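Working through the structure, step by step
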Amino acid sequence: FNSSSLAVSSSNNVSAATGDYTFTPDGNGFKLSFTDDFVARVGAGNKIVVTYNATLNKKAAVGNSGNTNSATLTYGGHQSVTQTTTTRTYEFDLIKVDGKANEDGSFNLLDGAEFELSDNSTVIRFVQNADGSYRAAKADENGVTTITVKGGKVRISGLAGKTYTLTETKAPDGYNKLTSSVSVDLSKGSKLTSMTGTTWNE
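Each chain has its residues counted from 1, following the order in which its sequence is written. Only residues with pLDDT of at least 70 are given local features in this predicted model, and only at 80 or more are side-chain atom pairs given and counted; all residues enter the totals for whole chains, interfaces and linings. Working from all heavy atoms in the structure, the side-chain values ignore hydrogens and water.

Attention shifts here to the overall build of the protein chain. By definition, any uninterrupted DSSP run of H or I lasting at least four residues is a helix, any uninterrupted run of E lasting at least two residues is a strand, and each is numbered from the N terminus. Looking only at helices and strands, the protein chain has one helix and 16 strands in total. With C-alpha atoms as the basis for the radius of gyration, the globule rule is written as 2.2 Å multiplied by the number of residues raised to the power 0.38. Against the 2.2 N^0.38 benchmark of 17 Å for 202 residues, the protein chain shows a C-alpha radius of gyration of 24 Å, more extended than a compact globule. In terms of principal-axis extent, the alpha carbons of the protein chain reach across some 80 × 30 × 30 Å. Looking at the protein chain as a whole, 27% of its 202 residues are labelled buried. Between two residues, a contact is recorded if the distance between any of their heavy atoms is within 4.5 Å. Nonlocal contacts in the protein chain, meaning residues at least 24 apart in sequence, comprise 55% of its contacts between residues at least 6 apart. To be clear on the numbers: accessible area is Shrake-Rupley with a 1.4 Å probe, and residue cover counts the displayed protein chains and nothing else. Accessible surface computed for the protein chain: about 12900 Å², of which carbon and sulfur atoms make up 46%. Measuring between centres, the 19 positive side-chain charges of the protein chain sit 4 Å from its 20 negative side-chain charges. Residue exposure (1.4 Å probe, protein chains only): buried if accessible area is under 20% of the type maximum, exposed if over 50%, otherwise partly exposed. We treat Lys and Arg as the positive residues and Asp and Glu as the negative residues; His and chain ends play no part in the count. In this description, the location of a charge corresponds to atom NZ of lysine, CZ of arginine, CG of aspartate or CD of glutamate.

Below is the structure:
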């Protein structure tokens, strides 16, 4: 929960001043208690609007199961109504191999390739984790645009369920870059791998 993002307003533009509600942390969330005076100023038939945002952390569930957030309104002393939303995050493994298969059908993993991942022509910024994987940078993080493949494989996480464009910007030593970008479709969930093969620079 990003506490600085919390804002209270109303559908009829009654602003909430200091003292119109009480904020109390509650586990992983928070509780708001509105004064009778503020509710009266908003008036019957209008809505009190609470907006906020939160950032998924490393404990978030990855894939279609998603992460559920709920909000419960209690009124009249004992009546309540609850609404929920589900936020999903996805990942994929990027594997860089020699484009020529071995006799047993396997491929040789290549080291040192560099890539950029784009969303509608906007290059995404990433933060590299301690294990060498990358996650999408948060709004307050600078991050990097270059994803470097070490040992032939790297995991990329923190992505939405949409189609991205993967572009190789630097090939492994002795190899050619991919001649065109590759689409990575996460619209139906996490993708196990996105394997890109390349050829020798002859």
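Another aspect to go through is the pairing of strand S13 (residues 153–159). Where strand S7 (residues 90–98) lies against S13, five bridges are found, and the strand directions are antiparallel. Bridged to Ile 95 within S13 is Lys 153. In short, DSSP must find at least two bridges between two strands for them to pair. Pairing geometry for strand S11 (residues 134–136) and S13, over two bridges, is parallel. When the sheet's bridge partners are listed, Arg 135 is paired in S13 with Ser 157.

Counting through the fold element by element, Leu 73 comes out in strand S5 (residues 67–75). In sequence terms Leu 73 and Ser 33 are 40 residues apart; their C-alpha atoms lie 9.9 Å from each other. Residues in contact with Leu 73, not counting those within four places in the same chain, are Gln 79, Ser 80 and Val 81.

The pairing of strand S8 (residues 114–119) with strand S14 (residues 163–170) spans five bridges and is classified as antiparallel. By the bridge assignment, Glu 116 is partnered in S14 with Thr 167. Where S14 and strand S15 (residues 182–185) come together, four bridges link them in antiparallel fashion. For Leu 166, the partnering residue across the bridge sits in S15 and is Val 182.

This part is about unusual backbone geometry. Located in the positive-phi region is Asn 13, a residue other than glycine, with phi close to 65°. As for its position among the elements, Asn 13 is in the loop between strand S1 (7–10) and strand S2 (21–26). Residue Ser 121 is not a glycine yet carries a positive backbone phi of 75°. Of the residues examined, Ser 121 reaches a relative accessible area of 75% and is grouped as exposed.

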